[in-house]
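Structural overview for review
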Amino acid sequence: MTSEMPNQINIVYFSWVKERLGRDQELLELPEIVENVGQLVEHLQNCHPVYRDVFSDLRKLRFALDQDFVGLEASLRDAEELAIFPPVTGG
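Residues numbered from 1 in each chain as written. Predicted model: local features only at pLDDT ≥ 70, side-chain atom pairs only at ≥ 80, totals over all residues. Heavy atoms only, no water.

1. Focus on the overall build of the chain
Just so we agree on the cut-off: Numbering of helices and strands runs from the N terminus, with a helix taken as a DSSP run of H or I at least four residues long and a strand as a DSSP run of E at least two residues long. In this treatment the radius of gyration is a C-alpha quantity, and the globule benchmark scales as 2.2 Å times the residue count to the 0.38 power. Exposure classes here rest on a 1.4 Å probe applied to the protein chains alone. A residue is buried below 20% of its type maximum, exposed above 50%, and partly exposed in between. Two residues form a contact once any of their heavy atoms are found within 4.5 Å. Per-residue and other accessible areas follow the Shrake-Rupley method at a 1.4 Å probe size, with only the shown protein chains counted as cover for residues.
Counting secondary structure elements, the chain contains three helices and five strands. Mapped in sequence order, the helices and strands of the chain form the string β-α-β-α-α-β-β-β. Expected size for 91 residues packed as a compact globule is a radius of gyration near 12 Å; at 13 Å, the chain falls within 12% of this value. On the principal axes, the C-alpha backbone points of the chain span a range of 45 × 30 × 20 Å. When each of the 91 residues of the chain is scored for burial, the buried share is 37%. Long-range pairs, those at least 24 residues apart, make up 54% of the contacts in the chain with a sequence separation of at least 6. A total of about 6000 Å² of accessible surface is found on the chain, and carbon and sulfur atoms cover 46% of it.

2. Considering the packing of aromatic side chains
Which entries qualify depends on this criterion: To pair, rings of Phe, Tyr and Trp, with the six-membered ring standing in for Trp, must have centres within 6.5 Å; the planes then decide the type, stacked if under 30 degrees apart, edge-to-face if over 60, and tilted in the middle.
Counting across every chain of the model gives three aromatic pairs. With 6.3 Å between their ring centres and 80 degrees between their planes, Phe-14 and Phe-85 make a pair best called edge-to-face. Of the two residues, Phe-14 sits in the loop between strand 1 (8–13) and helix 1 (15–21) while Phe-85 sits in strand 5 (residues 81–85), which places them 71 residues apart along the sequence. Residue classification places Phe-14 among the partly exposed positions, given a relative accessible area of 40%. The class for Phe-85 is buried, based on a relative accessible area of 12%.

3. What about the nonpolar core?
As a reminder of what qualifies: Buried residues of nine kinds, namely Ala, Val, Leu, Ile, Met, Phe, Trp, Tyr and Cys, make up a nonpolar core once their side-chain atoms join them within 4.5 Å.
Counting residues in hydrophobic clusters, the biggest one holds 23 residues, and the most contacted among them are Ile-9, Tyr-13, Leu-40, Phe-55 and Ile-84. For Ile-9, the contacting residues outside a window of four places in its chain are Glu-26, Leu-27, Leu-28, Leu-30, Leu-40, Leu-65, Leu-76, Ala-79, Glu-80, Glu-81 and Leu-82.

4. Comments concerning the pattern of salt bridges
Applicable threshold: Take a side-chain nitrogen of Lys or Arg and a carboxyl oxygen of Asp or Glu: if they are within 4 Å of each other, that pair is a salt bridge.
Taken as a whole and assessed by the stated rule, the structure comprises two salt bridges. The residue Asp-57 makes a salt bridge to Arg-59 at a minimum N-O spacing of 2.9 Å. Given a relative accessible area of 19%, Asp-57 falls into the buried group.

Pasting the structure below:
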């Protein structure tokens, strides 16, 4: 049995990402061509200039699918939530 891609994904933003976007989360309808985290970020960058600005340096961001850290190549298959946040620094 093959898993199907979700039609929607909840994207949760934290820290300065949330502040710059002016929202803490959004429910996004996934286009058929978007299969992984990197493609989703690219899709958002193409949607509005504010996303291009916030996601301009992906080295400054971390991603988690359903609370597991992932890279840009991670498949969105079966995922319900994508969290996007800057790296956490300890003290």
